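Take a look at the letters that make up each chain.
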Amino acid sequence: MGKGKSKVVCGYPLSIFFIVVNEFCERFSYYGMRAVLVLYFKYFLRWDDDLATSIYHTFVALCYLTPILGAIVADSWLGKFKTIIYLSIVYAVGQVAMAVSAIHDITDSDRDGTPDSMTFHIVLSMVGLFLIALGTGGIKPCVAAFGGDQFGEHQDRQRRTFFSVFYLCINGGSLLSTIITPVLRAQECGIYSKQKCYSLAFGVPAALMVVALVVFIIGSGMYYKAEPQGNIMLDVCKCIGFAIKNRYRHRSKQYPKRQHWMDWAEEKYDKLLIAQIKMVLKVLFLYIPLPMFWTLFDQKGSRWTLQATTMDGNFGALVIQPDQMQTVNPILILTLVPIMDSLIYPLIKKCGLNFTPLKRMTVGMLLAAIAFVCAALVQIQIDVSTKQLLHSSPYILSGQGFIYFKLTIKGKANSDSTTVHNTDKATFTLRSGSQSCEYSTNFGFGSSYTFFIHSTLVFGSNCQDSVTAVEDIKPNSVHMALQIPQYFFITAGEVMFSVTGLEFSYSQAPSNMKAVLQAGWLFTVAIGNFIVLIVAELAKIPKQWAEYVLFASLLVAVCVIFSIMAYFYTYIDPTEIEAQFKKKINEDDEDDKSKPGKAEVEMVKRDSIKCHDEYDKATQTKM
Ligand SMILES: NCC(=O)N[C@@H](CCC(N)=O)C(=O)O
């Protein structure tokens, strides 16, 4: 059944239990730390919003670039198992560095509650983040591919289920940590003085990373560990370089054409390697349009959260903060993945439709585009209902015996600033020397008020009558629940696109390049994030709804291109192709030994024909 020494439970190798638990803990660690990172920059390191945002996105982008490094190390040097162990240690050290960097007491020699040497905290946290990006990115392509490796050749169904469960664990970990770490951060802790407890908010993810590592090591005896097969990336680059050079040297018409430009490497390179490179190039070519999906998907954390700040988060007993709306995504993932796997896909199959991976991914893209149309409609609703400036208070009342102050009620979640939460009855204390009095009022989410305090105010008495509140900006009236449809569509799209793509990247990769192709898949996420920055910077569309429509249209256009490319894609079984190649190569070697005088040029031609035959035989199914 499975390939390792693992026991088999209900048709699944027991070893994958350790892999999915490891993933759960690792994702808890990653998303938990990420959830409070911007607030740490802003309120602990005292950075402004722009610097905090830029460093945050640079960190996320780095997390999706380092998978290439991890994959190269795994596939060509250490193997996936050792790579996961070593990089998990690097990762855990990074998380611990973050936790330590957030202990204000370390440099708070005057014990006033603020660090005295910010440089120490900044340097330590940057080193921590670099190690985390190296660790999380490095192990990411290896863990998924290592899980896939545990299944035997005839366990396609189980392997597909594994990738779904794997995705559930990612989102289970992310959901829990996104709820828990902000709560931990809001606690107060410290030795000399009590401050917001970022060290605890980073410390718990660090502990979870150690748990992830321990769980992974416990499963050690059960795993199937494929041996690394030399510096495959270097071989691939050399082989491609040689094919291009050789093709250029033989550009004259007198040389017969070859079926594929990579066949020009045949004079020097193993036919198996050439076939494997062809497989990888085919999939990488198909990846070209994919970043556009991530461009839309990753705006949940930016544009959609900003949109939520202009909405009403009052759900009766529960007041939802704008950034908490993001938890709708993992909640929906946990609901939709089982529904899709056990109901929708089998139903589609029963109807006789062949809903292939590439068709699923195409539908996933369309759903993401629909999500952005929903976001645009919500935005129009917000724009219509919004925020007219009712008064320009300073001009109305200057010099009339009033002093005034302005208060904006922001929909920020648990920020460290003095935030008055939606529908809270806020109480202000007005002081003059030792005298004071209190003023209370109710606020609406997103509203802005100017308070006029009469200069004849008598302290000691109730100051309620001496303060006049004027509403400058109306409270948000469009409810955050209206974001649920866009979250639903983007998450349904994610299930079809991302879960399927993860498995597709594994199943279509040659045995020695599984992690490399996973890294290629993750690289599309990094590119997608860069596109957000570029489009947001260059397009500068004044209306937010129009920007949403632009992104939706771009994705639909890209989706059409992808569906055409997918139509011409032929699914392969890399294991079968590799086995056939190895067999043929052995037969040829035997042949050559028995016929030593055969002309070399004839041999190249014959092998080339066989090579195409094997490849063609094994690539029959279309989109
Ligand atoms: N719902 C978020 C999620 O599942 N994220 C996954 C996949 C991210 C990606 N872009 O590939 C994760 O591994 O964090």
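Residues numbered from 1 in each chain as written. Predicted model: local features only at pLDDT ≥ 70, side-chain atom pairs only at ≥ 80, totals over all residues. Heavy atoms only, no water.

1. Considerations on the pattern of salt bridges
Tallied over the full model, the rule gives 9 salt bridges. For lysine 196, the salt bridge identified is with glutamate 188, shortest N-O distance 3.9 Å. On the basis of relative accessible area, glutamate 188 is assigned to the exposed category, the value being 52%. In this structure, a network of salt bridges that share partners links the residues Asp156, Arg159 and Glu503. (Salt bridge = Lys/Arg side-chain N within 4 Å of Asp/Glu carboxyl O. Buried < 20%, exposed > 50% of the residue type's maximum accessible area, 1.4 Å probe, protein only.)

2. A word on the nonpolar core
In this structure, Phe59 and Phe202 are the most contacted members of the largest nonpolar core, which totals 150 residues. Looking at which domains feed residues into this core, each of domain 1 (1–230) and domain 2 (234–269) supplies at least three. In contact with phenylalanine 202, other than residues within four places in its own chain, are Met33, Val36, Leu37, Tyr40, Gln95, Met98, Ala99 and Ala102. With 12 residues, the next largest nonpolar core counts Phe428, Leu430, Ile453 and Cys463 among its residues. (Core = buried A, V, L, I, M, F, W, Y, C linked by side-chain atoms within 4.5 Å. Domains from an automatic or database assignment. Contact = heavy atoms within 4.5 Å.)

3. Some points on the site of the ligand
Neighbouring the ligand are Arg27, Tyr31, Tyr64, Lys140, Tyr167, Ile170, Asn171, Trp294, Asn329, Glu494 and Val525. Side-chain polar atom of arginine 27 to an oxygen atom of the ligand: 2.9 Å apart, as the coordinates give it. Here tyrosine 167 contributes a side-chain N or O atom positioned 3.3 Å from an oxygen atom of the ligand. For the ligand, whose accessible area on its own is 370 Å², the fraction buried by protein is 95%. In terms of residue count, the dominant contributor to the shell around the ligand is helix H5 (residues 156–186) (3 residues). Across the shell around the ligand, the residue classes break down as 6 nonpolar, 2 polar and 3 charged. (Near = heavy atom within 4 Å. Polar contact = N/O pair within 3.5 Å; in protein donor to acceptor, adjacent residues only side chain to side chain. Areas by Shrake-Rupley, 256 points an atom, 1.4 Å probe, with all protein chains shown as cover. Helix = DSSP H or I, 4+ residues; strand = E, 2+ residues; numbered from the N terminus. Nonpolar A, V, L, I, M, F, W, Y, C, P; charged D, E, K, R; others polar.)

4. Points about the pairing of strand S8 (residues 425–432)
Relative to strand S9 (residues 435–442), S8 runs antiparallel, the two being bridged by 8 bridges. Counted as the bridge partner of phenylalanine 428 is tyrosine 439 from S9. Connecting the antiparallel pair S8 and S9 is a turn made up of 2 residues, with glycine 433 showing a positive phi of about 60 degrees. (Pairing = 2+ DSSP bridges.)

5. Structural notes on the confidence of the model for the protein chain
Averaged over the protein chain, the pLDDT score is 83; the fraction of residues at 70 or greater is 87%. Of all secondary-structure elements in the protein chain, the lowest mean pLDDT belongs to helix H13 (residues 393–397), at 42, while helix H6 (residues 198–218) reaches the highest, 97. Scored below 50 in pLDDT, residues 389–399 makes 15 contacts in the model with residues more than four places away or belonging to other chains. Between residues 615–621, whose pLDDT stays under 50, and residues either more than four places distant or in other chains, the model counts 22 contacts. Scored by ipTM, the complex comes to 0.96, with pTM at 0.76. (pLDDT = per-residue confidence, 0-100.)

6. A closer look at helix H14 (residues 484–507)
The end-to-end C-alpha distance of H14, which contains 24 residues, comes to 34 Å, matching closely the 34 Å that a straight helix rising 1.5 Å per residue would cover. Burial analysis of H14 places 20 of its 24 residues in the buried class, the great majority of the element. (Expected span 1.5 Å × (residues − 1).)

7. A word on the packing of helix H2 (residues 49–65) against helix H4 (residues 118–149)
Geometrically, a packed helix pair is captured by the angle between its two axes and the distance between the axes. Their axes nearest at 8 Å, the elements H2 and H4 cross at an angle of 30 degrees. Comparing their axes, H4 and H2 come out roughly parallel. Note on element contacts: H4 touches H2 through Met126, Leu129, Phe130, Ile132, Ala133, Thr136 and Gly137, opposite Ile55, Phe59, Leu62 and Cys63. Classifying every residue of the contact of H2 with H4 gives 9 nonpolar, 2 polar and no charged. (Axes fitted to C-alpha atoms, helices over the stretch in contact; angles between N-to-C directions. Parallel < 35°, antiparallel > 145°, perpendicular 65-115°, else oblique.)

8. Remarks on unusual backbone geometry
When glycine is set aside, most residues are seen to have a negative phi, and most peptide bonds are trans. One non-glycine residue with positive phi stands out, namely cysteine 10, at about 50 degrees. Inspection of the secondary structure assignment puts cysteine 10 in the loop between strand S1 (8–9) and strand S2 (12–13). For arginine 46, which is not a glycine, the phi torsion comes out positive at approximately 65 degrees.

9. Here we look at the side chain of arginine 159
Mapped onto the elements of the fold, arginine 159 is located in helix H5. Ignoring anything within four residues of it in the chain, the contact list for arginine 159 reads Gly148, Phe151, Glu503, Tyr506 and Ser507.

10. Considerations on a positive patch on the surface
Taken together, Lys238, Lys245, Arg249 and Lys268 make up a surface patch of like positive charges. Relative to the elements of secondary structure, lysine 238 occurs in helix H7 (residues 232–249). (Patch = residues over 30% accessible without salt bridge, like charges linked within 9 Å, V, L, I, M, F, W, Y side chains within 5 Å. Lys, Arg positive; Asp, Glu negative; His and termini not counted. Charge placed at Lys NZ, Arg CZ, Asp CG, Glu CD.)

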